[in-house]
Amino acid sequence: QVQLVESGGGVVQAGGSLRLSCIASRTLFSNNSMGWHRQAPGKQRELVAMINSAGNTGYEDSVKGRFTVSRDNAKNAVYLQMNSLKPEDTGVYYCNRAWATKKDYWGQGTQVTVSS
């Protein structure tokens with residue numbers, strides 16, 4: 001059974017920090033590159049951070065230096081530490097395989113709202 005449960009979102013002022021967590025089912029998590037995807041209001045969902053099974057990471061340009069993705073393979077968990085948040089970081093954040101498409105299963109996501 002596929003499972004994705006995101007948590008940790010909230011409302012924060014610009015410059016603040018949040019840490020997102022995701023628990024995934026083993027079948028989805030194991031040996032896959034995992035990612036955090038963001039859907040801003042009125043925009044398409046986009047991949048903002050990814051990490052492969054070896055721990056190598058990649059970031060979308062707008063979050064480089066501010067966001068850090070990590071994973072705990074023993075817990076099937078993925079995390080996103082977000083610092084120096086900006087209003088443009090507002091959106092619903094989803095975790096999934098890094099290359100997941102619209103046709104894949106998606107969890108509920110977690111809302112992040114950054115006020116100016």
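Conventions and cut-offs
Residues numbered from 1 in each chain as written. Predicted model: local features only at pLDDT ≥ 70, side-chain atom pairs only at ≥ 80, totals over all residues. Heavy atoms only, no water. Pairing = 2+ DSSP bridges. Helix = DSSP H or I, 4+ residues; strand = E, 2+ residues; numbered from the N terminus. Axes fitted to C-alpha atoms, helices over the stretch in contact; angles between N-to-C directions. Core = buried A, V, L, I, M, F, W, Y, C linked by side-chain atoms within 4.5 Å. Buried < 20%, exposed > 50% of the residue type's maximum accessible area, 1.4 Å probe, protein only. Contact = heavy atoms within 4.5 Å.

1. Describing the sheet that holds strand β10 (residues 110–115)
Then comes step 1: Here six strands make up an open sheet; going across it, the order is β2-β10-β9-β4-β5-β6 and the pairing mixed. Edge positions in the sheet fall to β2 (10–13) and β6 (57–59), since each of these pairs with one other strand and no more. With strand direction ignored, the average angle separating the axes of adjacent strands in the sheet is 30°.
Then comes step 2: The sheet contact formed by strand β9 (residues 91–97) and β10 spans three bridges and is antiparallel. Within β10, the residue paired with G91 across the bridge is V112.

2. As for the sheet that holds strand β7 (residues 67–72)
Then comes step 1: Reading across from one edge, β1-β3-β8-β7 is the order of the four strands in this open sheet, with antiparallel pairing throughout. Each edge of the sheet is formed by a strand with only one pairing partner; in this case those strands are β1 (4–7) and β7. If you compare each strand with its neighbour and ignore which way they point, the axes differ by 15° on average.

3. Topic: the nonpolar core
Then comes step 1: Among the nonpolar cores identified, the biggest contains 24 residues, and W36, V78, L80, M82 and Y93 are the most heavily contacted of them.
Then comes step 2: Where this core is concerned, the elements lending two or more residues are β3 (18–24), α1 (26–29), β4 (34–39), β5 (45–51), β7, β8 (77–82), β9 and β10.
Then comes step 3: Per-element tally for this core: the top contributor is β3, with four residues.
Then comes step 4: Not counting residues within four places of it along the chain, the set of residues in contact with M82 comprises G16, S17, L18, L20, R66, F67, Y93 and V112.

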